[in-house]
Structure formats: C-alpha cells, structure tokens
Amino acid sequence: MASWQSLVMAATAGPSGSESAPQHWGALAETSDASDPVELVIRAEILCGVPSPEADQQRRMEIQVQRLANGMGSADNSTDQMQDVEKLLAAWCLGGTGKNADTELAERLNRAIANLNEA
C-alpha cells in the first residue's frame, strides 16, 4: 500500500504516475461518484478509522448518516472496506479528483491509507 501513497501524491502533482496504477483501477474510477476531493478524503478517513479535522466534522457526520441510510455503514466486511478504499483511490488517481486537490488533502488521504495498512 506504500505504492498507493506515492500514487496519491503523483496524482495531486499532475497527470504523471497514473500509468503505474493497478490495471483494474480504470474500471473502479469509472464507477466512483466521488468528484469532490474533500468528500473523497473524508470518506477514506471514515473507512480507515482516522479522525477528520475539526473543520470537517459536520461534513463527516453528514457522510456517515448518508452511508447508514444507504446501508453501507453497518457492514463490517474488510473485503468490502478494502474495495471501497481502492475505489476512492482510483477516483483520486485516475478519475481526476486528485488533480483538483492540494497537498494537505493528499497527505490526509495518505494518513488514512497508512492507518488501514496498520490494521
């Protein structure tokens, strides 16, 4: 997953690096509805069990309520969790979400990935 973190930074810096993304990410990026980089990072933080900054707490709560309403917040299936995280990363790296983000958001996304890696 360390390579995922380098892909996150590469996508934020520019279009280079997307060729090193896993092949199946192209299809994942097409199915993602995450176009807002802040929302994408908050979703990743939720999935990876990482707290969001105070400024994003209201938005995080709204996303969590939406996930519960959609039935996604109750499942504790680590395979689904990993697929959801991978989908977010694909959207960031190949779907163009990351190019609209700043380095701080990329670092938050990488911290979330690192937490997932430790779990």
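See the structure above.
Residues numbered from 1 in each chain as written. Predicted model: local features only at pLDDT ≥ 70, side-chain atom pairs only at ≥ 80, totals over all residues. Heavy atoms only, no water.

Participant: An account of the side chain of arginine 43 is requested, with residue identities and associated values reported.
Facilitator: Mapped onto the secondary structure, arginine 43 falls in helix H3 (residues 37-48). In this view, arginine 43 contacts Asp33, Ala34, Ile63 and Leu88; residues no more than four positions away in its chain are not counted. (Helix = DSSP H or I, 4+ residues; strand = E, 2+ residues; numbered from the N terminus. Contact = heavy atoms within 4.5 Å.)

Participant: How would you summarise helix H4 (residues 57-69) if you had to cite specific residues and measurements?
Facilitator: Here H4 spans 18 Å end to end across 13 residues, near enough to the 18 Å set by a 1.5 Å rise per residue. Restricting attention to buried positions, one finds in H4 the residues Arg60, Ile63 and Arg67. Projection of H4 onto a plane perpendicular to its axis shows the buried side chains occupying an angular sector of 65 degrees, all on one side. Opposite the buried face of H4, at more than 90 degrees from it, the exposed residues are Gln58, Val65, Leu68 and Ala69. (Expected span 1.5 Å × (residues − 1). Buried < 20%, exposed > 50% of the residue type's maximum accessible area, 1.4 Å probe, protein only. Arc of directions from axis to C-beta.)

Participant: An account of H3 is requested, with residue identities and associated values reported.
Facilitator: The terminal C-alpha atoms of H3 lie 16 Å apart, and with 12 residues this matches the ideal 16 Å at 1.5 Å per residue to within 8%. Of all 12 residues in H3, 11 are buried; the element is thus mostly enclosed. By the burial criterion, the buried members of H3 are Pro37, Glu39, Leu40, Val41, Ile42, Arg43, Ala44, Glu45, Ile46, Leu47 and Cys48. Phi for glycine 49, located one or two positions after H3, is positive at around 70 degrees.

Participant: How would you explain the nonpolar core if you had to name every residue and give the values?
Facilitator: Within the largest apolar cluster, 28 residues are counted, with the highest numbers of intra-cluster contacts made by Val8, Trp25, Leu40, Val85, Leu89, Trp92 and Leu109. Of all the secondary structure elements, the ones that give two or more residues to this core are helix H1 (2-13), helix H2 (25-31), H3, helix H5 (78-93) and helix H6 (103-118). Looking at this core element by element, the count peaks at seven residues for H5. With residues near it in sequence (within four places) discarded, tryptophan 92 still touches Val8, Ala11, Thr12, Pro37, Leu40, Val41, Thr97, Gly98, Ala101, Leu105, Ala106 and Leu109. (Core = buried A, V, L, I, M, F, W, Y, C linked by side-chain atoms within 4.5 Å.)

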